[in-house]
Amino acid sequence: MSNNVDAARQWLGVLAKGDVTTWDGLLSPDFALHAPLMPGEADTPTVGLETNRARVGALWQGWETFEFHDTEIHAAADDPNLVFVTTRSTAKTVWGAPYQNSYFIRLTFRDGALVEHLEYMDPRPILAAF
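Residues numbered from 1 in each chain as written. Predicted model: local features only at pLDDT ≥ 70, side-chain atom pairs only at ≥ 80, totals over all residues. Heavy atoms only, no water.

Participant: Any chance you could break down the overall build of the chain for me, citing the residues and the numbers?
Facilitator: Each helix and strand counted, the chain has three helices and six strands in total. Whereas a compact globule of 130 residues would reach a radius of gyration of roughly 14 Å, the chain reaches 14 Å, a difference of no more than 12%. Once the C-alpha set of the chain is aligned to its principal axes, its extents read approximately 40 × 30 × 25 Å. The burial tally for the chain puts 46% of its 130 residues in the buried class. As displayed, the chain has an accessible area near 6,900 Å², and 54% of this comes from carbon and sulfur atoms. Taking the average place of the 9 positive charges on the side chains of the chain and the average place of its 17 negative ones, the gap between the two points comes to 5 Å. (Helix = DSSP H or I, 4+ residues; strand = E, 2+ residues; numbered from the N terminus. Rg over C-alpha atoms; globule rule 2.2 N^0.38 Å. Buried < 20%, exposed > 50% of the residue type's maximum accessible area, 1.4 Å probe, protein only. Areas by Shrake-Rupley, 256 points an atom, 1.4 Å probe, with all protein chains shown as cover. Lys, Arg positive; Asp, Glu negative; His and termini not counted. Charge placed at Lys NZ, Arg CZ, Asp CG, Glu CD.)

Below is the structure:
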């Protein structure tokens, strides 16, 4: 159980840096990413390692700094492959706009690899910053 919690913490660190080159070995090739409240988000998850790598890489070009804090990570008691995260972010865009948000994230693991990231956050700070 703690391995997936550790992997979730590692994933947030990688995600905060926007370093898509370090995804190998952490994410499944069929990795699915979905943030339903993100402005412009599709109705269905984006599926595939390379598709998501391009998506996150493009988005992260807009951040000068980004960090998660006040993070709590817990595996579900009845399913260690299901991990829940609450966290907050503080960031600044490359054009100097400040950004802060709160998130609820559900992560699903299979055989130690992350297969799904489902994220809910307030879309208003995104709209204000971008």
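Participant: Give a detailed account of the pattern of salt bridges, specifying residues and quantitative values.
Facilitator: What the rule picks out here adds up to eight salt bridges. The shortest N-O distance in the salt bridge between Arg106 and Glu116 comes to 2.7 Å. Taken as a pair, Arg106 in strand S5 (residues 98-110) and Glu116 in strand S6 (residues 113-121) lie far apart in primary sequence, 10 residues in all. Using a relative accessible area of 22% as the deciding quantity, one classes Glu116 as partly exposed. One network of salt bridges, with partners in common, ties together Asp24, Glu50 and Arg53. (Salt bridge = Lys/Arg side-chain N within 4 Å of Asp/Glu carboxyl O.)

Participant: Please provide a residue-by-residue account of the nonpolar core, values included.
Facilitator: Counting 37 residues, the largest nonpolar core has Trp11, Trp23, Leu27, Phe66, Val83, Tyr99 and Leu107 as its most contacted members. Elements represented by at least two residues in this core include exactly helix H1 (2-17), strand S1 (27-34), helix H2 (49-60), strand S3 (63-76), strand S4 (79-93), S5, S6 and helix H3 (123-129). Ranked by residue count, the leading element in this core is H1, at eight residues. Every residue in contact with Leu27, bar those within four places of it in the chain, is listed here: Trp11, Leu49, Ala113 and Leu114. (Core = buried A, V, L, I, M, F, W, Y, C linked by side-chain atoms within 4.5 Å. Contact = heavy atoms within 4.5 Å.)

Participant: Please give an account of a nonpolar patch on the surface that cites residues and values.
Facilitator: Taken together, the side chains of Leu59, Val94, Trp95 and Phe130 define a hydrophobic patch exposed on the protein surface, amounting to about 400 Å² of accessible area. Checked against the element boundaries, Trp95 lands in the loop between S4 and S5. (Patch = residues over 30% accessible without salt bridge, like charges linked within 9 Å, V, L, I, M, F, W, Y side chains within 5 Å.)

Participant: Lay out the sheet that holds S6 with the relevant residues and their values.
Facilitator: Read from one edge to the other, the open sheet built from six strands follows the order S2-S1-S6-S5-S4-S3, with strand pairing classed as mixed. The sheet is open, and its two borders are formed by strand S2 (46-47) and S3, each paired with just one other strand. Together, S1, S2 and S3 form the strand contacts of H2, whose direction differs from that of S1 by roughly 50°. (Pairing = 2+ DSSP bridges. Axes fitted to C-alpha atoms, helices over the stretch in contact; angles between N-to-C directions.)

Participant: Could you give an account of the packing of aromatic side chains, naming the residues involved and the relevant values?
Facilitator: Taken as a whole and assessed by the stated rule, the structure comprises 13 aromatic pairs. Ring centres of Phe66 and Phe68 lie 5.1 Å apart, and the angle between their planes is 75°; this geometry places the pair in the edge-to-face category. Accessibility assignment for this pair places Phe66 and Phe68 in one class, buried. Chaining the aromatic ring pairs together yields one cluster made of Trp60, Trp63, Phe66, Phe68, Trp95, Tyr99, Tyr103 and Phe130. (Phe/Tyr/Trp six-rings, centres within 6.5 Å; stacked < 30°, edge-to-face > 60°.)

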